[in-house]
Structures are given as structure tokens and as C-alpha cells.
Protein chains: 2
Amino acid sequence: MSAAAPKIRLFVDGALSPGASVAATDAQAHYLLHVMRRAPSDPVALFNGRDGEWRAVVQTPSKRHVVFEVQDQLRAQSGTPDLWLAFAPVKRIDVVVEKATELGVSALLPVMTRHTDVSRINFDRLRATTIEAAEQCERLSVPVIQPAQNFDPFLAQWPQARRLFYLDETGGGAPIATALQDEVTNSCGFLVGPEGGFAQSELDALALLPSARGISLGPRILRAETAALAALACWQALSGDWRAGLGGLANQSLIP
Amino acid sequence: MSAAAPKIRLFVDGALSPGASVAATDAQAHYLLHVMRRAPSDPVALFNGRDGEWRAVVQTPSKRHVVFEVQDQLRAQSGTPDLWLAFAPVKRIDVVVEKATELGVSALLPVMTRHTDVSRINFDRLRATTIEAAEQCERLSVPVIQPAQNFDPFLAQWPQARRLFYLDETGGGAPIATALQDEVTNSCGFLVGPEGGFAQSELDALALLPSARGISLGPRILRAETAALAALACWQALSGDWRAGLGGLANQSLIP
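Only a predicted model underlies this, so the values are computations on that prediction, with no experimental measurement involved.

Let's shift gears to the relation of the copies chain B and chain A. Once turned by 180° and shifted 0.0 Å along the axis, chain B lies on chain A with an RMSD of 0.0 Å. Taken together, the rotation and translation relating the two chain copies correspond to the operation of a two-fold axis. Minimal C-alpha distance to the rotation axis in chain B is attained by Cys234 of chain B, lying at 2.6 Å. By residue overlap, the copies meet face to face through one surface: 100% of the interface positions of chain B are interface positions in chain A.

As C-alpha cells, this is what we get:
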């Protein structure tokens, strides 16, 4: 692919339809006018997670404000895989959230396990990270970030019909390719523990949950964020939208 | 796995055999004495990429120097997969190198493509990153980092018998699971382009190379480092040492 000029794609809250006007946030206005030096009538692409992707043009009713005038639809809304990532917050939580967005997760669920040593989560920053990653990777949606839960209520509330693959660092799980090839999992989730691993009581509780299945990622000890991203990539390749006949947006030209 | 006390594992240059003495580097001495507060006779595990992993004890002939007295072997040297990662250097090159080490690559090959916009590579820092990652993930080897090459000589020197999977962002490649399930690839490599993608002339050259095969990672546009790590994870799961019956070091107790 050639190094085309950057195509600006922005996530907005407002409804997108022909002729609609959508106000840019202050941060978006600053980015468009002062970072990217866009002028009135310059094109952008907008998405809101509901109405697909739309061509719009920049208007500047005042020096600091930007309004988008929505023109026509570029892509219809399409489904994202029903893939959840539950994870013990780690120091590199931003990496987990950014990469998980690129890798197509629909929901992010922070879980405070026994050995989790990160106690504060900056949800505003995580939300901004998911939006920025969604804008860059051409997703039509932004993953939902759930409030943090403790391990026991998290497990108690896990939907019975949703397969939960947990990364068992003790080596007791099935090889990931075996687990993913054993069954079709259209809606599922992965659970990744903290750097210190799961407590034995947590592993015992997981073993009792019918929807849970332990998986293994080989002989090396992976950092938590590496394990999360590796598992998501394997799922997309074997069960998700990286499979034959399901891909192909990469070369689509969004803004002429 | 319980949150056990950190087990110190260090990479050394010297030969490892019963009774051998191996000098610690200044950085290792500082780490052991002042960061980890180790005392004479405390145990560590050592590996050098050739002789397996050995138990050793710390000795301090002077206040600033540390010598390791090698005792007995903990693990025999075992092969790593013959997996290369060729990549256009990107801003987050440290992430690529760290994660590739965890994901078991044997060689890292920086390739300067047409659209690569990183011109300087700090090889000393990359080497340190690979060593630290190998120490942490319980590898018995450290990946080799090759000198940077331009795209044309890189391609001309690629071994004919080694499959080269390149990540084709234009969507023209086979889905990665399909490509990996089509053939057994015991020795292979992946090539990942820069953020701007490959130039058309580079894609044309790849199409003419019999050992090269384009692969696709689905409909979203992945950052270069995400694409590299996702591809390596899929290979390990489907063709590498994450497969059934090949894993299982995770629970091994290295230092009693």
C-alpha cells in the first residue's frame, strides 16, 4: 500500500445521517485546525458505533469551534466479533487496551484478582485510548469498557452460555489451537491474570465453572499483555473475522 | 501459580559447567547487590544459549564485583523454533523486539523498506531488550539481531528453502490460519512492513520470490508491531511449540 496522505477518521457521539450537523469536541477541533491544519470544506470520515461510516466536511462557525456537516455514507455498520477480554489490570494496561481494540474485541472487563497490584484505573484515559485505536484501525465501533470487578463477583456474573478461556500459567490448560479448533465459539471471552498469576483458589473456582476452559500458550512465560494479545490474535485467526472470506476492508478507499 | 519470590535468571557469556566461575557484568553486579540485595551464597540461575540452564551461587570477591560459582544443571539446552522476524524498524521497535523474544523468535532482521521512516537503530539497546526478555520468559537462548539491510539485498539473500510469509496490507494475502494450515513450516520467517506499508515495487518483488507468500490479518488496519506479534502468536499456536504435547515448562521450579 502506498504511503497515502493521512485520512482523518473520527469517532463522534451524534447521529449520522445525510445533512446532519455534528459538533466536534474541543480536542477534535484543536487536532483538526492546529495539528492537521484542516480548512473549511476539507473532508473527514466519521463513525459513532451505530450508523456506519460517513463522509463529512469541516465547517468553522468560529475560530475555535468545528462542526461536521455530514454528507453520504461510506460504509454500512457491520458487526464486530462478540469477543470479550477480561484482564487483571497491569502496569501496561494502555498497551492491552490499544492492542485489544485493534484486534477487534467488543468489550473490555478489568478484573481485580488476588495478585493484582494495580489498584487505580484511569478510565477516561482508557476510553481515549480505545477511541484513538478504533479511529486508526478503521473499526466502526469502540469497545465497551466495563467497571472493574473483583474476581468472585466477576465469575458469578459470567454468562453461562459464553465460553470463558482462561490463560492457565501453570501449564494445565489445553494448547490454544486445540481448544479453539475443538468448538465453534462465536461469543466468548478470554481471561488473563496479573504478572503473579492466578491464586490457587481462583484456579479452583475456574475449574468448577462449566463455561470456563484453561488454555496454554506454550513453554515460555509471557508477560500479561503479551499473553492477552497472543490469545486474541489466535482467536481471530481461527474463529474470528481473520478467517477465509471474512476480511478485506484494508484496501478500501474511504475518503477520495 | 502463586506469587512466588522472584527467581533471578541471568544470561552470561561464559561457559557453564560444574565448578566453573563466571564473572558477572557490572550491571549484573549492581542489580544483584543493590537492587535485589543478594548476599554471598544466594542462588541464581544462569544460561548462555549453549549449555542449558545452571544453578549457581553469588560470590563477592570485592565490594563491587560478583562472580558466579556454577553448581549443577537445571535444564538441558533445548532447541527454539527456527522462526525469523524481519521487520521495518518502527518507533516502537523495543516493543517488537521484546515481544518477539517472548514469542520465541530465533532471529530478528531489521529491513529498511521504501517507506521506513526510522533511520537509526540502537543495537545495544535492542540487544539488552532481548536479553532481559529472555531472562524473564525462561528462554534458554537469546535471539540473534542481524545488521539492518535494505529491502533489495534482504530479498536477494533470503534462503530459498525458507518460507517467507509477508503481511500484505492491501488485502491480497491468504488468511493467516489458511496459510499456516496449508503446509508444515519448520523453518520460516515473517516480514512486516512499516506503518506506511510496502511500496508497490516491493510487493511486486515479493510476488516474484518463490519462497514468499502474502498473508492477511483481517479487516482492521493493525499497527506494525501489533501485526508482527499477532503473526508470531498464530505461527506458534499452529506450527510452533505451543502445539499439543510440546509445551509445559511454565510450572517447572528452577531454583528450589
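Next comes the rest of the account.
Turning to the interface of chain B and chain A, a few remarks are in order. Taken together, the contacts link 51 residues of chain B with 51 residues of chain A. Across the chain B to chain A interface the summed buried area is about 4,400 Å²; carbon plus sulfur atoms make up 58%. At the surface where chain B touches chain A, the tally comes to 8 salt bridges. The salt bridge partner of Glu225 of chain B is Lys99 of chain A, with a shortest N-O separation of 2.7 Å. Elements with a contribution of two residues or more to the side of chain B that touches chain A: helix H2 (93-102), helix H3 (123-137), helix H5 (176-182) and helix H7 (224-238) of chain B. Looking at which element gives the most residues to the side of chain B that touches chain A, the answer is H7 of chain B, with 8 residues. Counted by class, the side of chain B that touches chain A contains 23 nonpolar, 16 polar and 12 charged residues.

With that settled, the discussion passes to the confidence of the model for chain A. Close inspection of predicted coordinates is inappropriate for parts of the model with low pLDDT. All names here are of chain A. In this model, chain A carries an average pLDDT of 90, and 93% of its residues clear a pLDDT of 70 or more. The low-confidence segment residues 1-6 (pLDDT under 50) makes 16 contacts with residues lying over four places distant or belonging to another chain. Here residues 247-256 is modelled with pLDDT under 50, and outside its nearest four sequence neighbours on either side it reaches 25 contacts, counting other chains as well. Across the assembled chains, the prediction reports ipTM 0.90 with pTM 0.91.

Further remarks concern the pattern of salt bridges. Under the defined criterion, the tally for this structure stands at 28 salt bridges over all chains. With its nearest N and O atoms 3.3 Å apart, the salt bridge here joins Glu98 of chain A to Arg223 of chain B. Residue Glu98 of chain A is located in helix H2 (residues 93-102), and its partner Arg223 of chain B is located in the loop between strand S13 (212-216) and H7; the two belong to separate chains. Neither residue differs from the other here; Glu98 of chain A and Arg223 of chain B are each classed as buried. Several salt bridges share partner residues, and in doing so they unite Arg92, Arg223 and Glu225 of chain A together with Glu98, Lys99 and Glu102 of chain B into one network.

The rules behind the values
- Residues numbered from 1 in each chain as written.
- Chains lettered and ligands numbered in written order.
- Predicted model: local features only at pLDDT ≥ 70, side-chain atom pairs only at ≥ 80, totals over all residues.
- Heavy atoms only, no water.
- Least-squares fit on C-alpha atoms with pLDDT ≥ 70 in both.
- Contact = heavy atoms within 4.5 Å.
- Buried area = accessible area lost by both parts, 1.4 Å probe.
- Salt bridge = Lys/Arg side-chain N within 4 Å of Asp/Glu carboxyl O.
- Helix = DSSP H or I, 4+ residues; strand = E, 2+ residues; numbered from the N terminus.
- Nonpolar A, V, L, I, M, F, W, Y, C, P; charged D, E, K, R; others polar.
- pLDDT = per-residue confidence, 0-100.
- Buried < 20%, exposed > 50% of the residue type's maximum accessible area, 1.4 Å probe, protein only.

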